[in-house]
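Here are the chains, one letter per residue:
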Amino acid sequence: MTDANRETPYYIYDTALFRHTIDVALKEASKIPGSQIRFAIKSNNNSTLIRIAAEAGLGADCVSGAEVARAIECGVPADKIVFAGVGKTDKEITLAVKNGIECFNIESVAELEVVNEIALNLGMTANVAFRINPNVDAHTHANITTGLNENKFGISMDDMVDVVKRAIALPAINYKGLHFHIGSQVLEFSCFKALSERINQLQDQLEAAGITETEIINVGGGLGIDYQDPDQNPVPDFAGYFAAYSDSLKLRPHQTVRFELGRSLCGQCGCLISKCVYVKEGKTKKFAILDSGMTDLIRPALYDAHHKIVNLTGDAEGRAKAVYDVVGPICESSDVFDKDIELSEVKRGDLIAIKSAGAYGRVMASEYNLRTLPPEIIK
Ligand SMILES: *Cc1c(COP(=O)(O)O)cnc(C)c1O
């Protein structure tokens, strides 16, 4: 899996696991007739992975014009590309309209009017779904909760009838459906059931107001992965996830459902590999100082996220265990991967793997401290 002579840090992606994970997801999703999966490119925008997803028949969920362009470049058909985001610029909207994407996930009336105007000027039409803020708590970290009234995302349920009527009246807009996304790393399936119930209510409300044109129900993504024990659970519980929806979501006969999965598809497929540069004996603690830091993988610093860390070299040599704080070289106190964890004894030069780093890893890397962005190796 690793090459001791390769310069560290780097990301390595297990494409066999990625393919297998997609297969399992597709098999379970197929129990919901007409359902389709979009790969959330913001979780991992590596071209090889996007191509694999496209070849498997997945569409793309994009949150910027550059992601739309990347998806097209990597072979995702435009009619399987959805475009979300609260701040789409005119330039990004123009690119997406020209390419004839499947759907804009619209987040405000102001945005709806701009999409209409741009499409009209191009002599084209744009398909839209509305992102609705369902006020459902995803019971996940505050920074990755998106479906509460206090969050910036989506349109309130109370405004929906008026907004959909406005869309239907606009000349260059095709109203297609409803879009939701309550958050990420969601492990309680009851949250997806709660979302389904809100969707059912909303559908009743729209139909009572005479709106029967809703074709697409897009429930977003958010299925979490096992960061504690990735070796035991490399593939998330897709059966349970899709069952949560098929048990509770009341689709109308002409409707199909979309899932936008990011982390659950690629999270376990990536590892960040680094080397220990120094082992430092502090006053009360032992620090394993790595050559990778929060600039390469920011999740622990940003979300208090836990990633399983292993000493590849120490394990291979069967060394005795010791307790370490595993930290990076960046000049920030938050540059800590984990505290008080047991690793086989760490020595300078050991290869250290940080697991479950395939999603929201490399895509969030920065050049802070004038560091080089970590390369991505495909296995
Ligand atoms: C980030 C995002 C997703 C994917 O979320 P995961 O938790 O990675 O599955 C899906 N839809 C939207 C709108 C998003 O912003």
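Relevant structure appears above.
Keep in mind that this is a model prediction, so the values were computed, not measured. (Residues numbered from 1 in each chain as written. Predicted model: local features only at pLDDT ≥ 70, side-chain atom pairs only at ≥ 80, totals over all residues. Heavy atoms only, no water.)

Novice: I'd like a rundown of the pattern of salt bridges, residues and numbers included.
Specialist: The tally for this structure, following the rule as stated, stands at 18 salt bridges. Across the pair K285 and D340 runs a salt bridge, and its minimum N-O distance is 3.2 Å. Taken as a pair, K285 in the loop between β11 (270-281) and β12 (286-290) and D340 in strand β15 (residues 336-344) lie far apart in primary sequence, 55 residues in all. The class of K285 is partly exposed, set by a relative accessible area of 25%. D350 is the partner of R319 in a salt bridge, and the nearest nitrogen-oxygen pair spans 2.6 Å. A residue pair is termed long-range when its members are at least 10 positions apart, and R319 in the loop between α11 (312-316) and β14 (321-327) and D350 in the loop between β15 and β16 (351-354) qualify at 31 residues. The pair R319 / D350 is uniform in exposure class, with both members buried. Here the residues in one salt-bridge network are K27, E28 and K31, joined through shared partners. (Salt bridge = Lys/Arg side-chain N within 4 Å of Asp/Glu carboxyl O. Helix = DSSP H or I, 4+ residues; strand = E, 2+ residues; numbered from the N terminus. Buried < 20%, exposed > 50% of the residue type's maximum accessible area, 1.4 Å probe, protein only.)

Novice: Help me get a handle on the nonpolar core, residues and values and all.
Specialist: Of all hydrophobic cores here, the largest spans 96 residues; its most connected members are F18, F104, F130 and L265. One finds I273, L351, A353 and I377 within the second-largest nonpolar core, a separate group that totals eight residues. (Core = buried A, V, L, I, M, F, W, Y, C linked by side-chain atoms within 4.5 Å.)

Novice: How would you explain the site of the ligand if you had to name every residue and give the values?
Specialist: Not every one of the 14 residues close to the ligand is listed here, only the nearest: K42, S184, E260, R263 and Y360. Within the contact set of the ligand, an oxygen atom lies 2.7 Å away from a side-chain nitrogen or oxygen of K42. Backbone polar atom of G222 to an oxygen atom of the ligand: 2.9 Å apart, as the coordinates give it. Compared with its free state, where it exposes 390 Å², the ligand has 95% of that area covered by protein. Classifying every residue of the shell around the ligand by side-chain character gives three nonpolar, six polar and five charged. (Near = heavy atom within 4 Å. Polar contact = N/O pair within 3.5 Å; in protein donor to acceptor, adjacent residues only side chain to side chain. Areas by Shrake-Rupley, 256 points an atom, 1.4 Å probe, with all protein chains shown as cover. Nonpolar A, V, L, I, M, F, W, Y, C, P; charged D, E, K, R; others polar.)

Novice: So what's going on with the side chain of E260? Residues and values would help.
Specialist: Here E260 is to be found in strand β10 (residues 256-261). Comment: no salt bridge for buried E260; closest opposite-charge side chain is R131, at 6.8 Å. Polar side-chain contacts of E260 include one of 3.3 Å to the side chain of N105. A distance of 2.8 Å separates polar atoms of two side chains, one belonging to E260 and the other to N218. (Lys, Arg positive; Asp, Glu negative; His and termini not counted.)

Novice: Explain the side chain of R299 residue by residue, including any values.
Specialist: Mapped onto the secondary structure, R299 falls in helix α10 (residues 299-303). Residue contacts for R299: discarding those within four places in its chain leaves Y227, R263, D304, A305, H307, A359 and Y360. (Contact = heavy atoms within 4.5 Å.)

Novice: Could you give an account of helix α7 (residues 189-208), with specific residues and numbers?
Specialist: End to end, α7 covers 29 Å across 20 residues, agreeing with the expected 28 Å (1.5 Å per residue, within 8%). Those residues of α7 that sit buried are C191, F192, L195, S196, I199, N200, L202, Q203 and L206. Positive backbone phi, approximately 85°, marks G210, located one or two places after α7. (Expected span 1.5 Å × (residues − 1).)

Novice: Requested: an account of helix α3 (residues 65-73), with residues and values cited.
Specialist: Of all the positions in α3, only G65, E67, V68 and A71 are classed as buried. Buried residues of α3, viewed axially, fall in a sector of 160°; they line one side. Of the residues in α3, the exposed ones pointing more than 90 degrees away from the buried face are A66 and E73. Where α3 is buried, its residues contact α2 (47-55), β3 (59-62), β4 (81-83) and α4 (90-99). One or two residues past the end of α3 sits G75, with phi positive at roughly 90°. (Arc of directions from axis to C-beta.)

Novice: So what's going on with the pairing of strand β6 (residues 126-133)? Residues and values would help.
Specialist: When you tally the buried positions in β6, you get eight out of eight residues, the bulk of the element. Burial of the side chains of β6 extends over both faces: A126, V128, F130 and I132 are buried on one face and N127, A129, R131 and N133 on the other. Note that strand β5 (residues 103-106) and β6 share three bridges and pair parallel. When the sheet's bridge partners are listed, N105 is paired in β6 with A129. Handedness of the crossover joining β5 and β6 through helix α5 (residues 109-122): right-handed. With six bridges connecting them, β6 and strand β8 (residues 173-179) associate as parallel partners. Note that in β8 the partner of A126 across the bridge is I173. When β6 meets strand β7 (residues 155-156), the two strands line up parallel, connected through two bridges. (Pairing = 2+ DSSP bridges. Right-handed = clockwise from strand over helix to strand, strands pointing away.)

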